Each structure stands twice: as structure tokens, then as C-alpha cells.
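Secondary and tertiary structure notes
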Amino acid sequence: MKKTNFVLISLIILPILTWSTKIHAHGSKINYRETKAIEIQATYDDGTPMANAQIVIYAPNNRNIPWMKAQTDAEGKFTFIPNEEIDGNWDVKVRQSGHGDIISIPVSDRENLQTQIITSNFEYNPMQKLVMTVASVWGFVGTALFFSRRKS
Amino acid sequence: MHVPDGILPPAVAISGYGISGGITWYCLKQIEKQNNPQAQIPRSSLLTAAFFVASSIHIPIPPISIHLILNGLVGALLGYYAFPAILIGLFFQAVMFGHGGLSTLGINGIIMGVPALFAGYLFRFRYLFKTNKKMLQNVLVFAIGCGTLLISAALFTTIVLTNISPDFNSELERNAIFISLFAYSIQAIIEGSITVAIISFLERVKPQLLEGN
């Protein structure tokens, strides 16, 4: 009787144990925490995204060895989380078919980090560009007029 | 096709300045030999303006975006004046719009200026064709406009390919450059056509502008 009971109890418990083990094997959990990431977007002069361009990131404490290598997405974007223990200027180089740029991103005081947009080159609006182009062209035209004047 | 700052090692950038300086000196010596060196300055100045503005005309050819250079036209019309004119145009492009770079000004001058000098030499051969054979003249002018751009693209590709930083994946970069060569071929055809259109127009309206390069 005792033997029968033991077998019966074993038959009931064994599947439960097995089931429980399976749950642990396929179990997964997701943790999250808020962090500050840096998003870069690389574009050509006319605003066309540099899709699949190569990115090399240098940490402030070692500018000779790349901290990370990656590629931009179809929109020329890439996001990375700088190491929390390293403050300073993070250099990001972007390159594609001989074109590219380098930007130095200052990272410090992470608690009070605000969303800000930094560009590698100062961005002029179309009107400013037009004025600059017209002024330069006028300079060239003025030179032409000066040298083509009639000598008295 | 402008090499920006930070792409080339300092030794290459400095060598570019040295070679560009030598070519400029040679061009100025040749200009000095002319009867009236100042006579061509108005034309050079206007074409420098055209070269400067042309770079802001963008043509998107995926995956990259190209912009007009017109160094074939500048070379054909200016001869020895073309090299200093292109250097000045490149300087303004770099300072005003960050197009190209100041450290790579010499290298960019070689990439765009040297083919322009060849264009100037070739353009003198158009007189070999009889005036009634306009078609042959136009073919030569197209070849000048197209070929100059292709030589520039070849120089750009060679300089960039031989100076890929070890931090970048050279195979990925090489593939990207070879893809961009397709876009440069289309640009060469566009520039060849523009050169033919402008030279033909000047030939009808003011043929004296085509003389004395």
C-alpha cells in the first residue's frame, strides 16, 4: 500500500516539477531604467541623409582607440549611450565615400542633462545662404568690373 | 567631390598645399608671359563666381547627392587662369559654407584644378576641326567637359582610397566609393552637356570670349 501510494504521489508530483522547470527555462524578464542617450544624424550638404555611413566613436579618455564602431540607419541616424563613468568630449566621426565630418559632443553633469541639438558646422538658413552667395558673387563681379574699366 | 577636413592625414594635406603652390607658381609664370596679363582677369573673376555658385546646385543621385563643379568649362575658357581661379573658388566655398575644408584646400585644388588645365590644353585643339564641322567641335567640347570631371573623380577616388583611416572598415568604404563612381559618371554626362551648351552659346553671341585662353 505504501509503495502504491509512493508511486501515485510521485506520478502526481513529477509532472508538476517538470512543468515548473520548463517555465524557468523559457522564462524571461525585462528591466528598464531611464538613461541619457545621444542621437546623431549625418546628412550631406543638401540635407540628404548619409544612410549606412560608418561611425567611429572615441571616448574622452582615449582618442586613439575607437570606443565603438557602427553604421547609421537609412535616415542617417545612430543612437549611443556614453559610458557613465567617462565625462568629457566624445568625438564622433562619420564617413561615407570620402565624405564625412567629425563632431565633439560634451558630456558632463548627467543629472541636469537637457535635450539640445549640436551641429558640427554652423547651420545657415536659406536666406542667410542667399545673402552670403549674392555678396560673394558681387565681390567677383566687382573685381571683373574693376579690371575691365577703361583706362583714361 | 570636395575632400572635407579630418579625412586625410596631415602629411597628405600639407603635401597637397605644396603641390598646389608649385602649380599656381607655374600658372602665374605662364600668365606673366602674356602681353597683357590683366586682360583676362574680368573673365576669370566671372568664371570663379560661376564655379563658386555651381557647387550649391545639388542633384540627388541616390545613394549620394552630387553638385555641379564645371571645372571643364572653367579650364576651357580660362587656360592657365583656371587653376588660381578654382583655388579662389574653393577657398570661398570652404570659408562661406564649410564645403570642402581649409586643411584640404591644396588637395581639392589638385583634384579640380589639374584636370581643368588639361581641359584648357585640349580646348585649343578645336581649331583643328574645320568651322563647317560643328558636330566634331561639339563632340570635342563634350569630351572635355565630361572627361575633366571623370579625371577629377579618378583623382578624388585614388586619394581617398589610399588614405582610409584604419579605424574605419576599408571594405565598406571602398564599396561606398565605387557606388559613388556611378553617380559621378552621370554627373560627367551632365557637365559635358552644360559645357557644350555654354560654349556653343558663347560661340554664337560673343566668340571673342573663347579666344586667348
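Quick notes on the nonpolar core
Within the largest apolar cluster, 52 residues are counted, with the highest numbers of intra-cluster contacts made by Met1, Val3 and Ile111 of chain B. Of all the elements in the fold, those that place two or more residues in this core are helix H1 (10-32), helix H2 (41-54), helix H3 (71-78), helix H4 (82-97), helix H5 (105-123), helix H6 (134-161) and helix H7 (170-205) of chain B. Per element, the largest residue contribution to this core is 10 residues, and it comes from H5 of chain B. In this structure, methionine 1 of chain B is in contact with His99 of chain A together with His67, Ile69, Asn108, Ile111, Met112, Leu149, Ser152, Ala153, Phe156, Tyr184 and Gln187 of chain B, ignoring residues within four places of it in sequence.

As for the sheet that holds strand S5 (residues 88-96) of chain A
Pairing in this open sheet of four strands is antiparallel, and the strands run S3-S2-S5-S6 (chain A) from one edge to the other. Edge positions in the open sheet fall to strand S3 (68-71) and strand S6 (99-107) of chain A, since each of these has one partner strand only. In this sheet, neighbouring strand axes are inclined to one another by 20 degrees on average, regardless of whether the strands run parallel or antiparallel. Against the sheet, H7 of chain B touches strand S2 (54-58), S3, S5 and S6 of chain A, its axis set at about 50 degrees to S5 of chain A.

Comments concerning unusual backbone geometry
Even without glycine at this site, asparagine 52 of chain A takes up a positive phi of about 55 degrees. Topologically, asparagine 52 of chain A is positioned in the loop between strand S1 (38-41) and S2.

Comments concerning the packing of H1 of chain B against H5 of chain B
All names here are of chain B. Running from N to C, H1 and H5 cross one another at 35 degrees; their axes reach a closest spacing of 7 Å. When the axes of H1 and H5 are compared, the crossing they make is left-handed. Listed contacts from H5 to Val12, Ala13, Gly16, Tyr17, Ile19, Ser20, Ile23, Tyr26 and Cys27 of H1 are Leu105, Gly106, Ile107, Gly109, Ile110, Val114, Leu117 and Tyr121.

What counts as what
Residue numbers here run from 1 along each chain, matching the order of that chain's written sequence. To read the labels, note that chains go from A and ligands from 1, taken in the order they are written. pLDDT decides what is reported in this predicted model: residues at 70 or higher carry local features, side-chain atom pairs at 80 or more are listed and counted, and totals for whole chains, interfaces and linings draw on all residues regardless. Processing note: side-chain calculations cover all non-hydrogen atoms of the structure and skip hydrogens and water entirely. Residue types Ala, Val, Leu, Ile, Met, Phe, Trp, Tyr and Cys, when buried and joined through side-chain atoms within 4.5 Å, form a set referred to as a nonpolar core. Each residue is assigned to one of three classes by its accessible area relative to the maximum for its type, calculated with a 1.4 Å probe on protein chains only: buried under 20%, partly exposed between the two thresholds, exposed over 50%. The helix count covers DSSP runs of H or I at least four residues long, the strand count covers runs of E at least two residues long, and both are numbered beginning at the N terminus. Contacts are residue-level and defined by heavy atoms, with any inter-residue pair within 4.5 Å sufficient. Should DSSP find at least two bridges between two strands, the strands are regarded as paired. Each axis is a line fitted through C-alpha atoms, and for a helix only the stretch in contact is used; angles between axes span 0 to 180 degrees, taken between their N-to-C directions. For a crossing to be left-handed, the near helix must be turned anticlockwise from the far one by less than a right angle; the clockwise case is right-handed.

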